[in-house]
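Notes for the structure review
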Amino acid sequence: MNRRALFLSAASVITAGLLSRFAAAADYAGNYDGTGIAVVITPNGANFEGEIRKGDQKFPLTAHEDGDHLSGVFTAGGNAFNFTATHQGDDLTLVTDGATYQLHRGAAAAVATPAPAADALANYVVLNSTDVGRSLVREIPNATSTQDALMATFPDLARYFGGRPKILGAYEDQRDHKSAFVSFSTQLNGQTLKGFVTTKLRDRGAVVFVVFGKADATRAQWAALTAQPTPAAGVAEPDIKTQMAAVPLQPYSFPDRTGAIGIAQGWTTQAQTESNLLITGPANQKIRMAFGGTMYTPNNPMTRQAGLNMAVAPYNADPATTLGNIIHANSAVSQRRGGPTSVPDKVIKVVSVPGRMQGGRGAQITYDVTITDQNGPKPMRVLIQFEYTPVVNGTWGYYVSLQLIAPRDTFEKDLPVMLAQAFSLSENADAVAAKSRREIDAANAHAKAMQAANQKIADAHYANTESVERNEQIKMRSLTDFDETIRGERTIEDTQTGEQTSVNLADVHNIVDKLNYQDPDRYREIPLRDKFYPIPGGENQPDYIPR
């Protein structure tokens, strides 16, 4: 089953064709010399300008990329002549009016290399500037693709550095192609620099984030470059989506080939697979995804068996109360094992989300907790999305789709960095399905082996495993609910024409009611989970389109 999280950004490598297109502006730029002829090519946005020189004569040119070469026109004696230019490395082949010229970049002393343009980055807003490097951001209003945004950016960098940056690697969101990341190295004033460019398409245009600095900069120096700047008085804070788009990520592939996720500077992971994964930040922040557990009710006879280290907690219909019960129960188990303890302090915000399992309840909850380990107590803040199921035979289960943990005093600053990483998760559907089949087979074999010894324990422990496919559907629908809350909008459909439009999530019920007042039952809401992860036959279920 395809388990790709539709709300997450896929860290997939950009194709060679796309990479060559946006890098071309930097690759063609330069000064070329041949026998009796010289050519100067300078990027101008997504196009090029310059001149052809023969002796003391200069013929201005303009050009644009056309597949694997440049096509352009130069003017001589008031007449326009067509030409093509193809390059390989530093060699350029110029063809015009049946004549072919072979040129080489940088060989002619007579053709001076232009100095770095100090105003090449004048359209960018400087976020951070240190003796190591700079970070900048720019809005590109007319960009309709990541290619547009990158092709508008790299010519600026080529002019600023006085030469084309060397592209080291790149990847693009393969779900909706709305975000991309490119790393590069370059030279400036004889010093080697490294850097990266990230871009994110918005409703109109794109935002581009550029960071570059000395190649030998320390981690702390890079952190200073990429830190969120403090806004000036009277300047509004950027929204969470803009902050997330500005977070640079490096792709990390899971060793079992089940997918990949983006990792921010200074964050680490040793995750082997896409489920039950953990990413740790430089200040002990944590991102946990796709994990769950089983709770035993206090009156379950099994909890009285000596030596069984079970998590015991009562079930409660209220999500905040249930979350507190889960925290206390798991803390007690951790303490018995010599691990840290957790004490919930305060619930800050509760947002209910529909439960996807029969009788299940779900919520997004932000709360404060004190975690105490061998180094003492630490006041932390947590955002969690989870779901829990009713009691069956003295047990009930919970599943956490996302948990973000950070120190209380830095949580707001850390939140966009944590969300950007969580939203970058992509899954290899075939590998995940194969893994699920192996887990099901192993679980079934283990259940049979356990059955003779303790049928009740085996049934309670492996009941959920035997329905992995159904649980995965529930998992993805729950994650998509989270995405819909972040997006803040929902689709409305005209059932007669099939026309769809998106409206504010907070107003959607009222809008549909007003529309249906004029034409009963014509309009309906389509939650994001039902667009991307519909339950077969679910349109007949009462909660398929919640009201």
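Residues numbered from 1 in each chain as written. Predicted model: local features only at pLDDT ≥ 70, side-chain atom pairs only at ≥ 80, totals over all residues. Heavy atoms only, no water.

**Thoughts on the packing of aromatic side chains**
Counted only if it meets this: Note on aromatic contacts: the rings of Phe and Tyr and the six-membered ring of Trp form a pair at centre separations within 6.5 Å, being stacked when their planes are under 30 degrees apart, edge-to-face when over 60 apart, and tilted otherwise. Note on conventions: DSSP H or I runs of at least 4 residues are helices, E runs of at least 2 residues are strands, and numbering of each starts at the N terminus. Three labels apply to residues, based on accessible area from a 1.4 Å probe with only protein chains included: buried if under 20% of the type maximum, exposed if over 50%, partly exposed otherwise in between.
Considering all chains together, one arrives at 16 aromatic pairs under this definition. Plain terms: the ring middles of F59 and F74 are 6.4 Å apart, the flat faces sit at 50° to each other, and that makes the pair tilted. Of the two residues, F59 is situated in strand β5 (residues 57-66) and F74 in strand β6 (residues 69-76); the sequence distance between them amounts to 15 residues. Among the residues examined, F59 registers a relative accessible area of 14% and is labelled buried. Its relative accessible area of 11% is what places F74 among the buried residues.

**Description of the sheet that holds strand β28 (residues 523-526)**
Convention followed: Strand pairing is assigned whenever DSSP detects at least two bridges linking the two strands. Think of each axis as a best-fit line through the C-alpha atoms, taken over the contacting stretch in the case of a helix, with angles from 0 to 180 degrees between the N-to-C directions. Any two residues having at least one pair of non-hydrogen atoms within 4.5 Å are treated as being in contact.
Taken in spatial order, the 3 strands make up an open sheet running β27-β26-β28, and their pairing is antiparallel. The outermost strands of the open sheet, each flanked by one partner alone, are β27 (500-504) and β28. Taking the axes of each pair of neighbouring strands and ignoring which way they run, one obtains an average angle of 35° across the sheet. Bridge count between strand β26 (residues 489-494) and β28: 4 bridges; the pairing is antiparallel. Opposite D494, over in β28, you have Y523 as the bridge partner. Where helix α10 (residues 508-518) meets the sheet, it contacts β26, β27 and β28, and its direction lies at approximately 160° from that of β28.

**A closer look at the sheet that holds strand β18 (residues 268-269)**
The antiparallel open sheet is built from 7 strands, whose spatial order is β18-β19-β20-β24-β23-β22-β21. In the strand order of this sheet, the two ends are held by β18 and β21 (341-354), each with one partner. Judged from the 9 bridges that link them, strand β23 (residues 376-388) and strand β24 (residues 395-407) form a sheet pairing that is antiparallel. Following the sheet pairing, Q385 is matched in β24 by L402. The sheet contacts of helix α6 (residues 411-423) involve β19 (277-280), β20 (286-296), β23 and β24, and relative to β24 the element is tilted by about 120°.

**Brief notes about the confidence of the model for the chain**
Inclusion rule: Note on scores: pLDDT gives the predictor's confidence for each residue, bounded by 0 and 100.
With 77% of its residues at a pLDDT of 70 or more, the chain shows a mean pLDDT of 78. Per-residue pLDDT stays below 50 along residues 539-547; that stretch engages in 23 contacts with residues further than four places along the chain or on separate chains.

**Quick look at the pattern of salt bridges**
Stated precisely, the cut-off is as follows: Basic side-chain nitrogens of Lys or Arg form a salt bridge, by our definition, when they fall within 4 Å of a carboxyl oxygen of Asp or Glu.
Within the structure shown, the criterion is met by 11 salt bridges. One salt bridge connects R159 with D156, and the closest N-O pair in it is separated by 2.5 Å. Within this pair, R159 and its partner D156 are both found in helix α2 (residues 146-161), separated by 3 residues, close to a single helical turn. Look at R159 and you get partly exposed, because its relative accessible area is 26%. A salt bridge links D368 to R408, with the nearest nitrogen and oxygen atoms 3.8 Å apart. On the criterion of sequence distance, the pair formed by D368 in strand β22 (residues 361-373) and R408 in the loop between β24 and α6 is long-range, its members being 40 residues apart. With relative accessibility at 4%, the residue D368 sits in the buried group. With relative accessibility at 27%, the residue R408 sits in the partly exposed group. Three or more residues joined by partner-sharing salt bridges are found here, namely D345, D368, R381 and R408.

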